[in-house]
Amino acid sequence: MNRPVFRFAPSPNGLLHLGHAYSALLNARMAGENGGCFLLRIEDIDTARCTPELEKRMIDDLHWLGLSWEEPVRRQSQHFADYQTALDVLIEAGLVYPAFMSRGEVRARIEERMGEGGEWPHDPDGVPLYPEDERTMSQSERRRRIADGEPFAWRLDVPRAMIRYGRNLFWDESGAGPEGETGRIAADPARWGDVVIARKETPTSYHLSVVIDDALQGITHVVRGRDLFHATAVHRLLQEILGLPVPLYHHHDLIVDEHGRKLSKSRGDTALAALRQAGLQPEDIRRQVGL
Ligand code: GLU
């Protein structure tokens, strides 16, 4: 009875490139091969960078590639109430805390430690971890600083969450991680430090909305780029805390440019729109991405 459900979940903050084409086509193909359905989700919580115009161009590119999906399309910006509900659960459980340090303050802290000859840990993407001291801030100070209107983000108290929910945390991977990891993968969310779960003005983050939506849309197979392999550890922890079902994961190859670098929207790499204008056909795109 359980029909497999796949999704492609782009963010309309730039034009789609060959890497997105590969991910979308692979999802649709795997859905077809498994007798499943294929959904489109627009990950547009960053309402400053994601625009209706970019979304329209993205959908147009996907149609041009020959893709279709079951309606309705889920647009994250229309569901902030769902994320707020989940955030309230995390606040109530004492598993998130308000974090007030600005980027500059974090940088200064790290430089100070390095100056003393110390080391500072980095996450799997190479970003320095957020300092740990606000985990233990008193409730009264938190309340005072929030009441004073200080900007803050809600961060997950990962050590506390791991004590309660981190036993035997794993996922099943049918693709591969950056080191070829496949099969049953032990999840280690602590590598990310206390990740941002929500911001003062936006009651969510990528990590929170992706797990909520995968659950609400009944996603059984998450097929996405290898760059998100390690983030799955955070997703697994959130799923345990919130009591959400666990999909199977498949992290696929990334399409790289001639220098071996991952394609990026910001560099305007190989946008599908440009390839279309240059006269390429959808079958040329399929061939280029090896499908
Ligand atoms: N919105 C994310 C991106 O465009 C993908 C999220 C996911 O597939 O989990 O990179």
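Our structure's up above, just so we're on the same page.
Throughout this description, residue numbers start from 1 for each chain and increase along the sequence as written. Whole-chain, interface and lining totals are the exception, using all residues; otherwise, since this is a predicted model, local features are given only for residues with pLDDT of at least 70 and side-chain atom pairs are given and counted only at 80 or more. Hydrogens and waters are ignored; side-chain quantities use all the structure's heavy atoms.

**Q** Would you take a moment to explain the sheet that holds strand S5 (residues 153-156) for this structure?
**A** When DSSP finds two or more bridges between two strands, those strands count as paired. Secondary structure counts use DSSP, requiring at least four H or I residues in a row for a helix and at least two E residues in a row for a strand, with both numbered from the N terminus. Reading across the sheet, the three strands line up as S4-S5-S8 and stay open at both edges, with antiparallel pairing between neighbours. Of all strands in the sheet, those with a lone pairing partner are strand S4 (96-99) and strand S8 (196-199), marking the two edges. Strand-to-strand twist of the sheet, defined as the mean angle between neighbouring strand axes without regard to direction, takes the value 30°. Sheet topology places S5 next to S8; three bridges connect them, and they run antiparallel. Looking at S8, one finds that Ala-153 is bridged to Arg-199. Comment: axis = line fitted to C-alpha atoms, over the contacting stretch for helices; angle = value between 0 and 180 degrees taken between N-to-C directions.

**Q** Quick question: what am I supposed to make of the nonpolar core here?
**A** Definition of nonpolar core: a set of buried residues of the types Ala, Val, Leu, Ile, Met, Phe, Trp, Tyr and Cys, connected through side-chain atoms within 4.5 Å. Only protein chains enter the accessibility calculation, which uses a 1.4 Å probe; a residue whose area is less than 20% of its type maximum is buried, one above 50% is exposed, and one in between is partly exposed. The biggest cluster of nonpolar side chains holds 40 residues, and the ones touching the most others in it are Leu-90, Leu-156, Ile-197 and Leu-208. Where this core is concerned, the elements lending two or more residues are strand S2 (37-42), helix H3 (80-92), S5, helix H6 (158-165), S8, helix H7 (206-216) and helix H8 (232-242). Sorting elements by how many residues they give to this core places H8 first, with six residues. Whether two residues are in contact is decided by their heavy atoms, any of which lying within 4.5 Å being enough. Residues contacting Leu-208, with those up to four places away along its chain left out, are Tyr-83, Ala-86, Leu-87, Leu-90, Ile-197, Pro-203, Leu-238 and Leu-242. Membership of the second largest hydrophobic core comes to 29 residues, among which are Phe-6, Phe-8, Met-30 and Ala-31.

**Q** Please clarify how the packing of H6 against H8 should be interpreted in this entry.
**A** The contact between H6 and H8 brings their axes to 10 Å, and the two run at 60°. Relative to H8, the element H6 lies oblique. Crossing angle aside, the handedness with which H6 passes H8 is left-handed. The segment H6 lies against H8, with Val-158, Ala-161, Met-162 and Tyr-165 engaging Leu-237, Glu-240 and Ile-241. Any residue that is not Ala, Val, Leu, Ile, Met, Phe, Trp, Tyr, Cys, Pro, Asp, Glu, Lys or Arg is counted as polar, Gly included; the first ten are nonpolar and the last four charged. Grouping the constituent residues of the contact of H6 with H8 by class yields six nonpolar, no polar and one charged. These descriptions rest on fixed angle ranges, namely under 35 degrees for roughly parallel, over 145 for roughly antiparallel, 65 to 115 for roughly perpendicular, and the rest for oblique. We call a crossing left-handed when the near helix sits turned anticlockwise from the far one by less than a right angle, and right-handed when that turn is clockwise.

**Q** Before we go on, may I ask you to explain the pattern of salt bridges in this structure?
**A** Close approach of charged atoms lets side chains of opposite charge pair. One speaks of a salt bridge when a side-chain nitrogen belonging to Lys or Arg is within 4 Å of a carboxyl oxygen belonging to Asp or Glu. All chains considered together, the criterion is met by 27 salt bridges. A salt bridge links Glu-150 to Arg-145; the shortest N-O distance between them is 3.0 Å. Judged by relative accessible area, Glu-150 falls into the partly exposed class, the value being 25%. Among the ionic pairs, Arg-261 bridges to Asp-257, the shortest N-O distance being 3.3 Å. Classification of Arg-261 as partly exposed rests on a relative accessible area of 41%. The structure contains a network of salt bridges with shared partners spanning Arg-7, Arg-41, Glu-43, Arg-74, Asp-82, Asp-213 and Asp-214.

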